[in-house]
Amino acid sequence: MEKQQISTLTGVIDKKMNRQLKQYLDICARCAICKDACHQYVATQDFKYLPARRAELIRQIYKKYFTKSGQFVPELYEGRDPDERLLEELYESTYACTGCRRCMFYCPFSIDTTWILTVAKGILAAAGMTNEMLEQLADAAIFKGDNFEMFRDVVVDGFKDIETQVQAITGNPDAEIPVDKEGADILYVALAGAHSILPAAVIFNEAEANWTISLFEAANYGYFIGDAEKARKIADRFMDEALRLGVKEVVITECGHAYRVAEVFHEVWSGKKHPFKVRHVLEVMDEYIKDGRIKVDPNSITEPVTYHDPCQVGRNAGIFDEPRDIVKALATDFRDLTPSREEQWCCGGGGGLVAMEEFEDLRMKSGKIKADQISATGAHLIASPCENCRLQMEDLDKKYEMDLTVKSIMELVVDAMPLAGREAYEASIERENAAKGE
Ligand code: SF4
Ligand code: SF4
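Description of the structure in this document. Bear in mind the structure is a predicted one, so any value in this text is a computation, not a measurement.

**Details of the environment of K248**
Piece 1. Following the sequence through the fold, K248 ends up in the loop between helix 13 (228-245) and strand 3 (249-252).
Piece 2. Using a relative accessible area of 57% as the deciding quantity, one classes K248 as exposed.
Piece 3. When the C-alpha positions of K248 and K144 are compared, they lie 25 Å apart, and in sequence the two are 104 residues distant.
Piece 4. Discounting residues that sit within four places of it in the chain, K248 has contacts with A184, D185, F276 and K277.

Right under this line is the structure:
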């Protein structure tokens, strides 16, 4: 590799270097405790998926170019050039990582391997080796933000269609999905698709909330490619909207990474403090149920039901109790997974893996741990507030024939609400399906 190229790649480490990163690179004791924490290593026993090994590739470049001992005798101090072989290994071990941070939870020094891997993603980008699919999705989101007038009518028409369904199911002709409402208390940021909008709209309308919906989706592929600049731009779309409308809080839908981007990273990336709160929609729903703002049937679910903590909602954002309290408010037989909460196993689909075909085998193999965990509860109904996790668990259901139904928490809540128009709405859907021959 040419000197100039090496200098470009090592420049990424130099740019991202701070005290925290230096500490992570210096203190790993190679105890290998993290190996038993990583679902990918446990499932495959493949050395390249061992968390410390993934970080070791960056550590080797760091040793050769940023430590005196490594500069003088790289062979002795395990210094290494970022050559083609290293970059190939780095690509696989980095993009395979789901960012679950279970390894950090068990590491005696709390080394955040995912943080080190954001440096790896920067190096891979500088070497022209990013994941194309994720890169395209991130660029498309930024394009949409920069040229929104092109998309506005389609987006608003989509909301109007869903609004008609909200009016039908609630039996309330005044139920709304407000857009661009200045002075609303809540800006709700959904994912693309009715599944993320309709149940939230039913709940907000029944709770008589002063809300408005964001014109932009919550999903953030810039985060998955480890590009803070792109991730910030994607989140800016709804953060700027929140500022313009003067809302009191931004409420992020049931999506793990989007919540973490909005709540944990956006202020750091933008260098500005938000003049509003950022909450996960589960926190709001839990409050509505506990305050009696929405009514739910406590016997709505009588079959055994379990709950999967998405890594970005649970271990990495600390939301454990609200979702459990919601499910318990609707169900008579709640069964927690073992282990759960901070120790929860990753489902195997995070980090954008569900969108990357090349990792499908690894995704299914490493997800077997989750499939076994679910089966051990005896429940055939599982709820989880993250789209990636739900897609992964649906794929696991097909692969391992688990007879599983996967639902979002919002869907379960709406199913449990006494809604005036539900019967007529469901009958009309049945008629429509019968007419289509479904
Ligand atoms: S558990 Fe921590 S200190 Fe031990 S090998 Fe893994 S990263 Fe290094
Ligand atoms: S963050 Fe998760 S997938 Fe990545 S190395 Fe750590 S345990 Fe493995």
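**A look at the sheet that holds strand 2 (residues 211-213)**
Piece 1. Reading across from one edge, 2-1-3-4 is the order of the four strands in this open sheet, with parallel pairing throughout. Bordering the open sheet on either side are strand 2 and strand 4 (277-280), each of which pairs with just one other strand. Ignoring strand direction, the axes of neighbouring strands in this sheet form an average angle of 25°.
Piece 2. In this structure, strand 1 (residues 186-189) lies alongside strand 3, joined through four bridges in parallel fashion.

**Regarding the packing of helix 1 (residues 3-16) against helix 8 (residues 113-126)**
Piece 1. Across the interface, helix 1 lies against helix 8 with an axial gap of 9 Å and an inter-helix angle of 150°. Handedness of the crossing formed by helix 1 with helix 8: right-handed. Contacts between helix 1 and helix 8 involve T8, L9, V12, I13 and K16 on the former and, on the latter, T118, V119, G122, I123 and A126.
Piece 2. Across the contact of helix 1 with helix 8, the residue classes tally to six nonpolar, three polar and one charged.

**Structural notes on the pattern of salt bridges**
Piece 1. In total, this model carries 34 salt bridges according to the counting rule given.
Piece 2. Where D36 meets K35, a salt bridge forms, and the shortest distance between an N and an O atom there is 3.2 Å.
Piece 3. With a relative accessible area of 27%, K35 lands in the partly exposed category.
Piece 4. For K144, the salt bridge is made with E217, and the minimal N-O distance between the two is 2.4 Å. In this pair, K144 is assigned in helix 9 (residues 132-146) and E217 in the loop between strand 2 and helix 12 (221-224), connecting sequence segments 73 residues apart.
Piece 5. The class for E217 is buried, based on a relative accessible area of 18%.
Piece 6. The network of salt bridges with shared partners includes R30, E56 and R59.

**Remarks on the site of ligand 2**
Piece 1. For ligand 2, the full set of nearby residues is C38, H39, P51, R54, C97, T98, G99, C100, R101, C103 and T114.
Piece 2. Counted by class, the shell around ligand 2 contains five nonpolar, four polar and two charged residues.

About the criteria used
- Residues numbered from 1 in each chain as written.
- Chains lettered and ligands numbered in written order.
- Predicted model: local features only at pLDDT ≥ 70, side-chain atom pairs only at ≥ 80, totals over all residues.
- Heavy atoms only, no water.
- Helix = DSSP H or I, 4+ residues; strand = E, 2+ residues; numbered from the N terminus.
- Buried < 20%, exposed > 50% of the residue type's maximum accessible area, 1.4 Å probe, protein only.
- Contact = heavy atoms within 4.5 Å.
- Pairing = 2+ DSSP bridges.
- Axes fitted to C-alpha atoms, helices over the stretch in contact; angles between N-to-C directions.
- Left-handed = near helix turned anticlockwise from the far one by under 90°.
- Nonpolar A, V, L, I, M, F, W, Y, C, P; charged D, E, K, R; others polar.
- Salt bridge = Lys/Arg side-chain N within 4 Å of Asp/Glu carboxyl O.
- Near = heavy atom within 4 Å.

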